[in-house]
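Topology and contacts: notes
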Amino acid sequence: MHAATKPPQVIAIYPGSFDPITNGHLDLIVRGCRLFDKFIVAILRNENKQPLFSVEERMEMLREVVSCYANVEVDSFEGLLVDYAGRKGATVLLRGIRAISDYEYELQMALMNRRLRPDIETVFMMASEAHSFISSRLVKEVFGLGGNIDGLVPPSVEARLRKRLGRS
Ligand code: PNS
């Protein structure tokens, strides 16, 4: 069922793995939080994935970098994203698109989520050109192999990566 009018408070969820948060994610958070009354960055709790950082560590890293944005919250969720969004009173799911290669997966998810909850809209934002090649997976791989990741993640995240991957 579609609500005929805009809710008085528009709450958006920005879901993901954030293992770890990159400057690409951060750019989307900074641009996205200007558009909505409340902006919840939500980390999926998924036992099947083998993350580098625990959900608690990822939440801490996120909180460190978003604490200056008053309408941004950091949370985690289990189960279906649309059920979580419903519990939070959110009407928007925000996702970033970097390149055409992201589109197919994002389209599938958006259509499935719409089928499950037609009242919750997926909104896409294009990554800035400067961030369009950054992914958490590549950051971890490059850093783990001794490469330079300056400017790809916030300094606090680089420090955590350094500690976790044993690089001085
Ligand atoms: O950062 P990611 O790994 O691309 O994020 C994927 C995420 C967390 C958005 C997606 O896996 C998700 O929503 N999972 C929750 C379970 C769910 O609702 N699955 C159906 C999606 S159509």
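Summarised in this report is the structure supplied together with it. (Residues numbered from 1 in each chain as written. Predicted model: local features only at pLDDT ≥ 70, side-chain atom pairs only at ≥ 80, totals over all residues. Heavy atoms only, no water.)

Right, let's get into the overall build of the protein. Each helix and strand in the protein was counted, giving six helices and five strands. Counting helices and strands in the order they occur from the N terminus, the protein gives β-α-β-α-β-α-β-α-β-α-α. On C-alpha atoms alone, the protein measures out to a radius of gyration of 16 Å, which is about the 15 Å that the 2.2 N^0.38 rule sets for 168 residues. Dimensions of the protein along its principal axes, counting C-alpha atoms only, are 55 × 35 × 30 Å. Residue burial in the protein is summarised as follows: out of 168 residues, 44% are buried. Restricting the contact set of the protein to residue pairs at least 6 apart, pairs at least 24 apart contribute 73%. Taken as a whole, the protein presents about 9600 Å² of accessible surface, with 54% of it coming from carbon and sulfur. Side chains of the protein give 22 positive and 21 negative charges; the mean places of these two sets differ by 1 Å. (Helix = DSSP H or I, 4+ residues; strand = E, 2+ residues; numbered from the N terminus. Rg over C-alpha atoms; globule rule 2.2 N^0.38 Å. Buried < 20%, exposed > 50% of the residue type's maximum accessible area, 1.4 Å probe, protein only. Contact = heavy atoms within 4.5 Å. Areas by Shrake-Rupley, 256 points an atom, 1.4 Å probe, with all protein chains shown as cover. Lys, Arg positive; Asp, Glu negative; His and termini not counted. Charge placed at Lys NZ, Arg CZ, Asp CG, Glu CD.)

Attention shifts here to the site of the ligand. As a matter of local geometry, the ligand sits amid 14 residues, with Gly16, Ser17, Lys49, Leu81 and Arg95 nearest to it. Residue serine 17 places a side-chain N or O atom 2.6 Å away from an oxygen atom belonging to the ligand. The side chain of lysine 49 places a nitrogen or oxygen atom 3.1 Å from an oxygen atom of the ligand. Taken by itself the ligand offers 550 Å² of open surface, and the protein chains cover 76% of this. Among the elements of the structure, strand S1 (11-16) and helix H4 (100-116) are those that each provide at least two residues to the shell around the ligand. With four residues, the top contributor of residues to the shell around the ligand is H4. (Near = heavy atom within 4 Å. Polar contact = N/O pair within 3.5 Å; in protein donor to acceptor, adjacent residues only side chain to side chain.)

Another point: the packing of aromatic side chains. Summed over the entire model, instances satisfying the criterion amount to four aromatic pairs. Here a set of aromatic residues connected by ring pairs shows up, and it is made of Tyr14, Phe18, Phe36 and Phe39. (Phe/Tyr/Trp six-rings, centres within 6.5 Å; stacked < 30°, edge-to-face > 60°.)

Judged by nonpolar contacts, the single largest core of 33 residues is most densely connected at Tyr14, Ile21, Ile29, Phe39, Val41 and Leu62. The element that contributes the greatest number of residues to this core is helix H2 (residues 55-66), accounting for six residues. Filtering out sequence-adjacent residues up to four positions away, isoleucine 21 remains in contact with Leu26, Ile29, Met61, Leu62, Val65, Val153, Pro154 and Val157. Of all hydrophobic cores here, the second largest spans twelve residues; its members include Phe77, Val82, Tyr84 and Leu93. (Core = buried A, V, L, I, M, F, W, Y, C linked by side-chain atoms within 4.5 Å.)

This next bit is on helix H1 (residues 23-32). Within H1, eight of the ten residues are buried, which leaves the element mostly enclosed by the surrounding structure. Listed in full, the buried residues belonging to H1 are Asn23, Gly24, His25, Leu26, Asp27, Leu28, Ile29 and Gly32. You can read the cap of H1 off the contacts: a side-chain oxygen lies 3.1 Å from the backbone nitrogen of glycine 24, and it is on threonine 22.

Moving on, we get to the packing of H2 against helix H6 (residues 155-164). Running from amino to carboxyl end, H2 crosses H6 at an angle of 150°, the nearest separation of the two axes being 10 Å. Viewed along their axes, H2 and H6 adopt a mutual orientation that is roughly antiparallel. Between H2 and H6, the contacting residues are Glu57, Glu60, Met61, Glu64 and Val65 on the first element and Ser156, Val157, Arg160 and Arg164 on the second. Looking at the contact of H2 with H6 residue by residue, the class counts come to three nonpolar, one polar and five charged. (Axes fitted to C-alpha atoms, helices over the stretch in contact; angles between N-to-C directions. Parallel < 35°, antiparallel > 145°, perpendicular 65-115°, else oblique. Nonpolar A, V, L, I, M, F, W, Y, C, P; charged D, E, K, R; others polar.)

Keep in mind these numbers describe shape, not what the thing actually does.
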